Amino acid sequence: MLSYRHQFHAGNVSDVFKHAILTRLLLALAKKDKPFCYLDTHAGLGRYDLTHPWSQKTAEWRHGIGRVWARADAPAALQRYLEIIRAENPDGHLHCYPGSPWIARQLMRPDDRLVLCELNKDDCAALKTVFASARHTAIHNQDGFQAIRGYLPPKERRGLTFIDAAFDEADEFGRITRAVKEACTRFATGMIAVWYPLMAPAAMQAFARSLQSIGLPKTLQLELSVYPEDWTAHIRGSGMIVVNPPFGLDREAPPLLDWLWRALSAEQRGGTRCVWLVPE
Ligand SMILES: C[S@@+](CC[C@H](N)C(=O)[O-])C[C@H]1O[C@@H](n2cnc3c(N)ncnc32)[C@H](O)[C@@H]1O
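Residues numbered from 1 in each chain as written. Predicted model: local features only at pLDDT ≥ 70, side-chain atom pairs only at ≥ 80, totals over all residues. Heavy atoms only, no water.

J.: Teacher, can you tell me more about the packing of aromatic side chains here?
T.: What describes a pair of aromatic rings is the distance from one ring centre to the other and the angle between the planes of the rings. Tallying each qualifying case throughout the model produces six aromatic pairs. Aromatic side chains W102 and F131 sit 5.7 Å apart centroid to centroid with 70 degrees between the ring planes, which places their arrangement in the edge-to-face category. Linking W102 in helix α6 (residues 100–107) with F131 in the loop between α7 (121–130) and β5 (137–140), this pair joins segments that are 29 residues apart in sequence. Taken together, a centroid distance of 5.9 Å and an interplanar angle of 80 degrees make the contact between F167 and W195 edge-to-face. Residue F167 is found in the loop between β6 (159–163) and α9 (172–186), and its partner W195 is found in strand β7 (residues 191–197); the two are separated by 28 residues along the sequence. Across the pair, W195 and F167 agree in class, each one buried. Members of the aromatic cluster, joined through ring pairs, are F167, F173, W195, Y196 and F207. Its end group placed over the ring of W195, K18 keeps NZ or CZ at 4.7 Å from the ring centre. (Phe/Tyr/Trp six-rings, centres within 6.5 Å; stacked < 30°, edge-to-face > 60°. Helix = DSSP H or I, 4+ residues; strand = E, 2+ residues; numbered from the N terminus. Buried < 20%, exposed > 50% of the residue type's maximum accessible area, 1.4 Å probe, protein only. Lys NZ or Arg CZ within 6 Å of the ring centre and 35° of its normal.)

This is the structure we're talking about:
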């Protein structure tokens, strides 16, 4: 039973964090003159209308992208992401937020390829409409975890697998750990990015330990929280695991995350982290 709908959350603090990093990963892949494949296991709708009643109801985007999209002092590492947002809102009013597939579409080159999986039937149909005329893009109404078995390794032998699960099922951390292991076994040199919500510290330590036990290559862990560790009212922040990160991400990410934290953390609580989960 799928209960999660990203329309309620599009453009929130977690989306800004994950998409800012995702943009850096895709730009790094696009630096080399060889095609890449982007596999998005949990693709969502592709683009979000922020005037939709569900977005208006939670207004999460006001505390996320609403706080950064028009800032003139953003660091260089955030510029491309902000350009993509601004291009979707050319009249200067924020009413559209691009999801991960749309961001990837803006950053792909003519020979790069997108594979997008979305299990929710309605959301997948909407995604297909958004990408109706898109070249080199396959969209599947399919379980994203199974897609790892179906589509890895890609024929390009270069690429990024983005796992952005809904966390609406028990043992999502366990499923993700197994999926990362499978992805690494099938495509050892591929980049993998996994988004996760920050939960109780003990659960986070267990997740880190389980990832460290599966024989990953070099892996970076990035986090941004806007509330302290004992915060339970709602999500306090989120993280990204990046397996085989691009060269230099460990130096580039800390100032980027610090700028985002100052912009997004209304009460200046929480903080940022950038550590090697599995060292180089
Ligand atoms: C966090 S949202 C994805 C947001 C999107 N990646 C983005 O950044 O714009 C998670 C999506 O996964 C979908 N979903 C849930 N379980 C899934 C599964 N097993 N396989 C594929 N998609 C799934 C949900 O319907 C939801 O649209």
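Anyway, onward from the coordinates.
J.: Where do I start with the packing of α9 against helix α10 (residues 201–212) in this structure?
T.: The relative placement of two packed helices comes down to the angle between their axes together with the axis-to-axis distance. Running from N to C, α9 and α10 point in directions that differ by 20 degrees, and their axes come no closer than 10 Å. One element, α9, and the other, α10, form an angle in the roughly parallel class. For the pair α9 and α10, the sense of crossing is right-handed. Seen from α9, the contacting residues are F173, I176, T177 and V180; seen from α10, they are M204, F207, S210 and L211. When grouped by side-chain class, the residues that make up the contact of α9 with α10 number six nonpolar, two polar and no charged. (Axes fitted to C-alpha atoms, helices over the stretch in contact; angles between N-to-C directions. Parallel < 35°, antiparallel > 145°, perpendicular 65-115°, else oblique. Left-handed = near helix turned anticlockwise from the far one by under 90°. Contact = heavy atoms within 4.5 Å. Nonpolar A, V, L, I, M, F, W, Y, C, P; charged D, E, K, R; others polar.)

J.: What is the right way to read the environment of G66 from this model?
T.: Assignment of secondary structure puts G66 in helix α4 (residues 65–68). Given a relative accessible area of 34%, G66 falls into the partly exposed group. C-alpha separation for the pair G66 and L160, spaced 94 residues apart in sequence, amounts to 28 Å. Among residues more than four places away in sequence, those in contact with G66 are W61 and L94.

J.: How do you make sense of the site of the ligand when you look at a structure like this?
T.: Inspection of the region around the ligand gives 21 residues, with H19, H42, E118, G144 and D164 positioned closest. E118 places a polar side-chain atom, nitrogen or oxygen, 2.6 Å from an oxygen atom of the ligand. Side-chain polar atom of D143 to a nitrogen atom of the ligand: 3.5 Å apart, as the coordinates give it. Grouping the constituent residues of the shell around the ligand by class yields five nonpolar, 10 polar and six charged. (Near = heavy atom within 4 Å. Polar contact = N/O pair within 3.5 Å; in protein donor to acceptor, adjacent residues only side chain to side chain.)

J.: So what exactly am I meant to see when it comes to α9 here?
T.: For an α-helix, the turn length of 3.6 residues means that residues three or four places apart are oriented alike. With 15 residues, α9 extends 21 Å from end C-alpha to end C-alpha; this agrees with the ideal 21 Å at 1.5 Å per step. Regarding α9, the residues found buried are E172, F173, G174, I176, T177, A179, V180, A183 and C184. Buried residues along α9 sit against α8 (144–151), β6, β7, α10 and β9 (237–243). (Expected span 1.5 Å × (residues − 1).)

J.: Where do I start with the pairing of β7 in this structure?
T.: Along β7, seven of the seven residues are buried, which leaves the element largely enclosed by surrounding structure. For β6 and β7, the ladder comprises four bridges, and the chain directions are parallel. Note that in β7 the partner of L160 across the bridge is M191. You can see the chain leave β6, run along α9 and come back into β7, and the turn it takes is right-handed. Sheet analysis places β7 next to β9, joined by six bridges and oriented antiparallel. Bridge assignment links I192 to a residue of β9, and that residue is V243. (Pairing = 2+ DSSP bridges. Right-handed = clockwise from strand over helix to strand, strands pointing away.)

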